[in-house]
Amino acid sequence: MLSRFIIFFLIIIVSFSELNSKPFKIIRDAETENFLSELANILLDKSENSEKFEFYIDNQKYVNASVIPGPKFFFTTQLLLESKNVEQIAGVIAHELGHVIGGHFTKINQATRGSSFISIISSILAVGAIASGSPEAGNALLLGGQQLSRANILAFSRKQESIADQTSIRLMKKSGLSLKGLIEMFKLLERKEKFKSFNPYFLTHPLSKERKQDIEYHLSLQTEIRDYPEIKKKYKLIKAKLNGFFLEKDNLVDIYGERRDSIESIYAYSLNFYREGKIKEALELLDKCITYDPKNPYFRELKAQIYFENGKNKQSVEEFRKIIFLKPNEKSFKLFLAKALYHTSTTKGYSESIDLLQEYIKDEDYPVEAWHYLGLNYGKKRQLDYSSYAFAEKFFLVNEIKNAKVHIAKVKKISQDEFLLNKVKDLEYEIIKKERK
């Protein structure tokens, strides 16, 4: 039932069998991503780093977090579900920021003597190995798997983990966020940590117990603690969203009780009803959420998605327009509106959808769904060369090169548009580069 009603999360499964690595199962949810980004901004002022951070949710049933060049951060759903407070999440982000601030991507490149595929799956929560990512790909979703010198890299990684720990302590203290959250996260890790009997030399990260002792010392010296009521409120809501969507109803009763007397419990149960296909009940609770906070765009986002999924495209379009008015810079809302407009099956809808999708593609690293809908829209408008080009871009992104070439051939056969043919040449060049790797 879960997979049937997961449309409000945009899911991308990234898996390369030849890499012998676990796939990322990426969930795109603007509410959660924006919360994590806001928390990162609290930890790190722009004077220290001006890079743009991107956060992704990896739908896995284990606790983990990682960062790769971009910088792009990955948090597993299990980590978010098992977290208890903002400080725990802040500690994880602070540690991963430590790798970014420390320039560890550059340093590990040097440590591996010029390897062209380098990234660290560097988690405060893992004792895993190092995988590598393609920096040329320009997005967080394409990971490579080149074998590295195990002993040298493990030693290097342990040193960088220690440095990242010290940076995380500094960032937490500077922001006034209690290091107690970081300690609590280490206690969680101790319960889950495997390979305890291994020599620490063979671990990319120091054992959690050892790292916890160092943080406990700094916690004893921390005197200034700040409260962040707004970020804590947002944390409770994203927890409610995840709880409602991924947990069973009995679990929700344990967390929130049978009574729905808080906005978090109402939100969680609306997601649970949505997941179970109880659309009327879900919409009723969402209307209560909107009444409670009419300026929260994420309540309306779920309502719009329910309309969309149930074929009520006109109502879905109306809701998404309200959402974009509330939060005009959220690119994912424009993607959802574009999809709803396509399904209105009108010429005007196709044209507006195309404009929104083109805007979205400019800002998104991995716009697979946008290229797909762009191809559909152009097909409806009988612009078949542009339709095939869009599908070629989509297939290129998901590494289905054979299908991409089929659509490229169609464009070259039917199109006389010089601009489009030049775009096709650029895509062919990118395909050649990928095939040579």
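Residues numbered from 1 in each chain as written. Predicted model: local features only at pLDDT ≥ 70, side-chain atom pairs only at ≥ 80, totals over all residues. Heavy atoms only, no water.

## Focus on the nonpolar core
Core analysis: the biggest nonpolar cluster contains 113 residues, and L39, L43, F75, I89, I93 and Y267 have the highest contact counts within it. Once residues within four sequence positions are removed from consideration, I93 is found in contact with L36, L39, A40, L43, F55 and F75. (Core = buried A, V, L, I, M, F, W, Y, C linked by side-chain atoms within 4.5 Å. Buried < 20%, exposed > 50% of the residue type's maximum accessible area, 1.4 Å probe, protein only. Contact = heavy atoms within 4.5 Å.)

## Topic: unusual backbone geometry
For S345, which is not glycine, the phi torsion reads 60° and is therefore positive. By secondary structure assignment, the location of S345 is in the loop between α14 (331–342) and α15 (347–363). Residue classification places S345 among the exposed positions, given a relative accessible area of 53%. Of note in the backbone geometry, R382 takes a positive phi value of approximately 65° without being a glycine. If you trace the backbone, R382 turns up in the loop between α16 (368–380) and α17 (384–397). (Helix = DSSP H or I, 4+ residues; strand = E, 2+ residues; numbered from the N terminus.)

## Notes on the pairing of strand β5 (residues 72–76)
Counting buried residues along β5, five of its five residues qualify, which places the element largely inside the surrounding structure. Burial along β5 is two-sided: the face carrying K72, F74 and T76 and the face carrying F73 and F75 are both buried. Where strand β3 (residues 54–58) meets β5, five bridges bridge the pair, whose relative direction is parallel. Counted as the bridge partner of Y56 is F74 from β5. When strand β4 (residues 65–68) meets β5, the two strands line up antiparallel, connected through four bridges. Among the inter-strand pairings, I68 is bridged to a residue of β5, identified as K72. The turn linking β4 back onto β5 is made up of three residues, and G70 within it adopts a positive phi angle of 155°. (Pairing = 2+ DSSP bridges.)

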